[in-house]
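So the chains spell out like this:
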Amino acid sequence: MRPLIQFLFKYYNFFLFLLLEFFAILIIYQNSYYQQSSILSAANAISGGIYGFSSGITDYIGLKSINKTLADENAHLLSLQKSSFIKTNNKVFVVNDTLYQQQYTYLSAKVISNTANRANNYLTLNKGLKQGIKKNMGVISSQGIVGIVKDVSENFCSVTSLLHSKTKISAKIKKNDNVGTIIWKGDDYRVVTLKDVPAHVKISVGDTIISSGYSMMFPEGILIGSIYSYEINKGKDFYEIRVKLFNDFNNISYVYVINNLMKDELNELEKRSQNE
Amino acid sequence: MNNLIFRNIIRFIGLVLLQVLVFNNIEVFSFITPFIYILFIMLLPFNTPRWLILISGFLLGLCIDMFSNSGGIHTAATVLIAYLSPWAQNVVSTKSDNEPGIQPGILNSGFKWFFLYALILTTAHHICVFYLEIFRFTDFFDTLKHALYNVVFTLVFIIISQYLFFNRKS
């Protein structure tokens, strides 16, 4: 017995080595059979915590590109939405394998310059002719109408903001579909004015104002704002409604440009009927 | 002595974090990932008790396995080089310049000595890791080739770290 113990003592390092290697092999063996229940997985508290911490840092670096992809995806989703399609449900219609035909497509763009404190405000977007943007397209953000494309260059476009003395946008009260015109009086960048709503219509503070769909730039139902206050001017039969915008025009970073696929058709029709 | 222990603990934690958070994300040619954490074993002072080297090698490998989901592969390889390291020191050294308490390094032992020492340990470690990972001998030479490419990259980082961190003592 003694020689054996002496032998073990003499080479205890080697046996320790064998023992540890045995454990390691055991772990490999166990891991290859029970992948999920392994103690040594990167999902335990310590390693998971450290990975969470490090991805907290690296995620922040990737935030910019993530934002961009989200905006792109939103644009794609908006163009799939029901309101982007026009119903072609005629009694007699030419072979057309879908009930709905797409009328609006959306393009996401980034605002690269913007003002809100002047009498006539403009935005500049980072998309232009090359990306398919044309004059007179509508521009919205996720919170509501932003403006109308005024000028296009190769890679950029400038947008007449809703906050512009010449901007007129057809809007309606969501509750009862009464149509009016949105203008901006140039005083407060958070408030616009809704004109031409007849005085007999019942309205109340807080009613939502949306786009009417009468213009060629915006589909029906795009948000604009909510009623903030209203009055009837003496001797007139129309309201003067102050509308608080949903959009914070001081803080717009990503917008969507709306392409009305049937604009040319509508234009032509209107021109023809005006000429008569 | 306490200072030495403290420094090695810090180095242990630092190397594990560096390996897991930085070097595990490096993928050159899709299969090369430098395993610089074995620097810890290489830099343990001369005449550290062998059982201590083995135990710390085991813990080191366990930590790396825990983070990289490789279940025991690194543990086995690191225990192997922990066992081999005193032997490698004897093979490489020409004179009895291994004074106790001094850690191996380019400054203390010279470039050639350290390079050979690191080469032996890195090669042993990488071959062990790569064959355990594949777990078959059918692609024997491909695996060997990958392991040796990886040795080159790991060695480059180990030598660079020597010049980065141990220069001021001269």
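Computed from a prediction, not measured in an experiment: that's the story for all the values here.

S.K.: Looking at this model, I keep getting lost on the overall build of chain B. Mind explaining?
M.R.: Each helix and strand in chain B was counted, giving 7 helices and 0 strands. Each helix and strand of chain B, placed in order from N terminus to C terminus, yields the pattern α-α-α-α-α-α-α. Sequence separation of at least 24 residues holds for 72% of the intrachain contacts in chain B that already meet a minimum separation of 6. Approximately 8500 Å² of chain B is accessible, and the part contributed by carbon and sulfur atoms is 68%.

S.K.: Before we go on, may I ask you to explain the packing of helix 4 (residues 73–92) of chain B against helix 6 (residues 111–134) of chain B in this structure?
M.R.: The description of two packed helices rests on the angle between their axes and on the distance between the axes. Residue and element names in this part refer to chain B. As a packed pair, helix 4 and helix 6 sit with axes 9 Å apart at the nearest point and diverge in direction by 155°. Considering the angle they form, helix 4 stands roughly antiparallel to helix 6. The element helix 4 and its partner helix 6 pack so that their crossing is right-handed. Of the residues assigned to the contact of helix 4 with helix 6, the class counts are 18 nonpolar, 5 polar and 1 charged.

S.K.: Explain helix 3 (residues 50–68) of chain B here, please?
M.R.: Residue pairs three or four apart in sequence face the same way in an α-helix, which turns once every 3.6 residues. When the terminal C-alpha atoms of helix 3 of chain B are compared, their 27 Å separation across 19 residues agrees well with the 27 Å that a helix rising 1.5 Å per residue should span. By the burial criterion, the buried members of helix 3 of chain B are Ile53(B), Leu54(B), Ser56(B), Gly57(B), Phe58(B), Leu60(B), Gly61(B), Ile64(B), Asp65(B), Met66(B) and Phe67(B).

S.K.: Help me understand a nonpolar patch on the surface, please; the structure alone is not making it clear to me.
M.R.: All names here are of chain A. Together, Met1, Leu4, Ile5, Phe7, Leu8, Phe9, Tyr11, Phe14 and Leu18 line one region of the surface with nonpolar side chains, adding up to about 920 Å² of accessible area. For the nonpolar patch, the secondary-structure elements that each account for two or more residues are helix 1 (2–10) and helix 2 (12–33). Examined against the element boundaries, tyrosine 11 turns out to sit in the loop between helix 1 and helix 2.

S.K.: Explanation requested: the pattern of salt bridges in the structure shown.
M.R.: Any two side chains of opposite charge can pair if their charged atoms end up close together. Residues and elements named next belong to chain A. Under the defined criterion, the tally for this structure stands at 7 salt bridges over all chains. We note a salt bridge from glutamate 240 to lysine 185, for which the minimum N-O separation is 2.3 Å. Here the residue glutamate 240 occupies a position in strand 13 (residues 239–245), and lysine 185 occupies one in the loop between strand 9 (179–183) and strand 10 (191–195), the gap between them amounting to 55 residues. For lysine 185, a relative accessible area of 49% translates into the label partly exposed. A single network of salt bridges, built from pairs that share partners, joins Lys172, Asp177 and Glu220.

Calculation notes
Residues numbered from 1 in each chain as written. Chains lettered and ligands numbered in written order. Predicted model: local features only at pLDDT ≥ 70, side-chain atom pairs only at ≥ 80, totals over all residues. Heavy atoms only, no water. Helix = DSSP H or I, 4+ residues; strand = E, 2+ residues; numbered from the N terminus. Contact = heavy atoms within 4.5 Å. Areas by Shrake-Rupley, 256 points an atom, 1.4 Å probe, with all protein chains shown as cover. Axes fitted to C-alpha atoms, helices over the stretch in contact; angles between N-to-C directions. Parallel < 35°, antiparallel > 145°, perpendicular 65-115°, else oblique. Left-handed = near helix turned anticlockwise from the far one by under 90°. Nonpolar A, V, L, I, M, F, W, Y, C, P; charged D, E, K, R; others polar. Expected span 1.5 Å × (residues − 1). Buried < 20%, exposed > 50% of the residue type's maximum accessible area, 1.4 Å probe, protein only. Patch = residues over 30% accessible without salt bridge, like charges linked within 9 Å, V, L, I, M, F, W, Y side chains within 5 Å. Salt bridge = Lys/Arg side-chain N within 4 Å of Asp/Glu carboxyl O.

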